[in-house]
Amino acid sequence: DAGVIQSPRHEVTEMGQEVTLRCKPISGHNSLFWYRQTMMRGLELLIYFNNNVPIDDSGMPEDRFSAKMPNASFSTLKIQPSEPRDSAVYFCASSKTGNQPQHFGDGTRLSIL
Amino acid sequence: LAKTTQPISMDSYEGQEVNITCSHNNIATNDYITWYQQFPSQGPRFIIQGYKTKVTNEVASLFIPADRKSSTLSLPRVSLSDTAVYYCPGGNSSASKIIFGSGTRLSIRP
């Protein structure tokens, strides 16, 4: 079975540009999560969806960040406008539900110049 | 949300058994205990999960005492490839919100 698929794997862009990260969760998983990982702050939960509905977005740093899940097989995390401090590795994960373990993608390494 | 505490780093040698302990002081009654492993440039990978007593799979064993205030991940006969960061996240797993923390950086030497 295919795991969680993220694209792109790497993104380098200039400050002020819009960035869109994409995620395809594992088929049959009802929960989807977006994380950000940096050396300073570790792995932080940004937002999670259950059955395509955003449940908790309290981890989203500010209004420049937005996430959508238009259907069960696709989600996006958008940053507009991007800033150098947004540079990090962004992970998407999915799980069947609740207490079930999360399965992570390989992440998108984002660099904002 | 429940937080966990684990050592920042550990060192060991190939062939040894490694035990990493995590404190779950505020764990909720219906929360499971889950451990993840992360290699550089990869996302965290699920290792093992349990509720209480002992769970064993092909990778590791997980020991959870009756009070569930702690857990111990046991890696038998480690190799260089077990060098990674190991997480025992807290949070509220029934609400799908888990907090990873800094993890334990395990270094295995020849």
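The structure presented is a predicted model; accordingly, all values stated were derived computationally and were not measured. For every chain, the first residue of its written sequence is number 1, and the numbers climb from 1 along that sequence. Think of it this way: whatever chain is written first is A, whatever ligand is written first is 1, and the rest follow in order. Local features are withheld for residues below a pLDDT of 70 in this predicted model, meaning they are given only at 70 or higher, and side-chain atom pairs are given and counted only at 80 or more; totals for whole chains, interfaces and linings count all residues. Note that water and hydrogens are dropped before the side-chain values are worked out from all heavy atoms of the structure.

**Quick notes on the pattern of salt bridges**
Residues and elements named next belong to chain A. What counts, and what does not: Here a salt bridge means any side-chain nitrogen of Lys or Arg lying within 4 Å of a carboxyl oxygen belonging to Asp or Glu. Here a helix means four or more residues in a row that DSSP labels H or I, a strand means two or more in a row labelled E, and each is numbered from the N terminus. For every residue, the accessible area obtained with a 1.4 Å probe (protein chains only) is divided by the maximum for its type, and the residue is called buried under 20%, exposed over 50%, and partly exposed between those limits.
Enumeration over the complete set of coordinates arrives at nine salt bridges over all chains. In this structure, the salt-bridge partner of Glu83 is Arg64, at a minimum N-O distance of 3.5 Å. With Glu83 in the loop between strand S8 (74-79) and strand S9 (88-95) and Arg64 in the loop between strand S6 (53-56) and strand S7 (65-71), the pair connects residues that are 19 residues apart, well separated along the chain. Exposure remark for Glu83: the relative accessible area of 21% places this residue in the partly exposed category. Among the charged side chains, a network of salt bridges with common partners joins Glu62, Arg64, Glu83, Arg85 and Asp86.

**Focus: the environment of Ile64 of chain B**
Residue and element names in this part refer to chain B. Basically, it comes down to this: Only heavy atoms matter for contacts: two residues are in contact if any of them lie within 4.5 Å across the pair.
Looking at where Ile64 falls in the secondary structure, it is placed in strand S6 (residues 61-64). Classification of Ile64 as buried rests on a relative accessible area of 6%. Separated by 42 residues in the primary sequence, Ile64 and Cys22 place their C-alpha atoms 9.9 Å from one another. With near-sequence residues (within four places) excluded, Ile64 lies in contact with Ile33, Gly50, Tyr51, Lys52, Thr53, Ser70 and Ser71.

**Considerations on unusual backbone geometry**
All names here are of chain A. A cis amide bond links Ser7 to the next residue, Pro8, at an omega of -10°. Along the chain, Pro8 falls in the loop between strand S1 (5-7) and strand S2 (10-13). Look at the link from Gln80 to Pro81: it is a cis peptide, with omega at -10°. Topologically, Pro81 is positioned in the loop between S8 and S9.

**Let's talk about the packing of aromatic side chains**
Note on aromatic pairs: each is described by the distance of the centres and the angle between the planes. Convention followed: Stacked, edge-to-face and tilted are the three classes for Phe, Tyr and Trp ring pairs, Trp counted by its six-membered ring, which pair at centre distances within 6.5 Å; planes under 30 degrees apart are stacked, over 60 edge-to-face, the rest tilted. Only when the NZ of Lys or the CZ of Arg is both within 6 Å of the ring centre and within 35 degrees of the ring normal is a charge said to sit over the ring.
Applying the stated criterion to the full structure yields eleven aromatic pairs over all chains. Consider the rings of Tyr35 of chain A and Phe104 of chain A, whose centres lie 5.2 Å apart with planes at 40°: the pair is tilted. Pair noted here: Tyr35 of chain A is in strand S4 (residues 31-38) and Phe104 of chain A is in strand S10 (residues 103-104), with a separation of 69 residues, a long-range link. Judged by relative accessible area, which is 12%, Phe104 of chain A ranks as buried. Between Tyr36 of chain B and Phe100 of chain B, the ring centres sit 5.3 Å apart and the planes meet at 55°, which makes this aromatic pair tilted. Of this pair, Tyr36 of chain B sits in strand S3 (residues 33-38) while Phe100 of chain B is found in the loop between strand S10 (97-99) and strand S11 (104-109), placing the two residues 64 residues apart along the sequence. Members of the aromatic cluster, joined through ring pairs, are Phe33, Tyr35, Tyr48, Phe91 and Phe104 of chain A together with Tyr36, Phe46, Tyr87 and Phe100 of chain B. Above the plane of the ring of Tyr51 of chain B lies Arg68 of chain B, whose end atom (NZ or CZ) is 3.9 Å from the centre.

**Details of the interface of chain A and chain B**
Accessible area lost upon the coming together of the parts is a frequently used measure of interface size. The test is simple: When two parts are put together, the accessible area they lose, computed with a 1.4 Å probe and summed over both, is reported as buried area. Ten residues, namely Ala, Val, Leu, Ile, Met, Phe, Trp, Tyr, Cys and Pro, are considered nonpolar, four, namely Asp, Glu, Lys and Arg, are considered charged, and the remaining ones, Gly among them, are considered polar.
Contacts between the two partners involve 20 residues from chain A and, on the opposite side, 20 residues from chain B. Summing the contributions of chain A and of chain B, the shared interface buries around 1,600 Å²; its carbon and sulfur component is 47%. For the pair chain A and chain B, the interface holds zero salt bridges. At the level of elements, S4 and strand S5 (42-50) of chain A are the ones that each hand at least two residues to the side of chain A that touches chain B. Across the side of chain A that touches chain B, the residue classes break down as eight nonpolar, eight polar and four charged.

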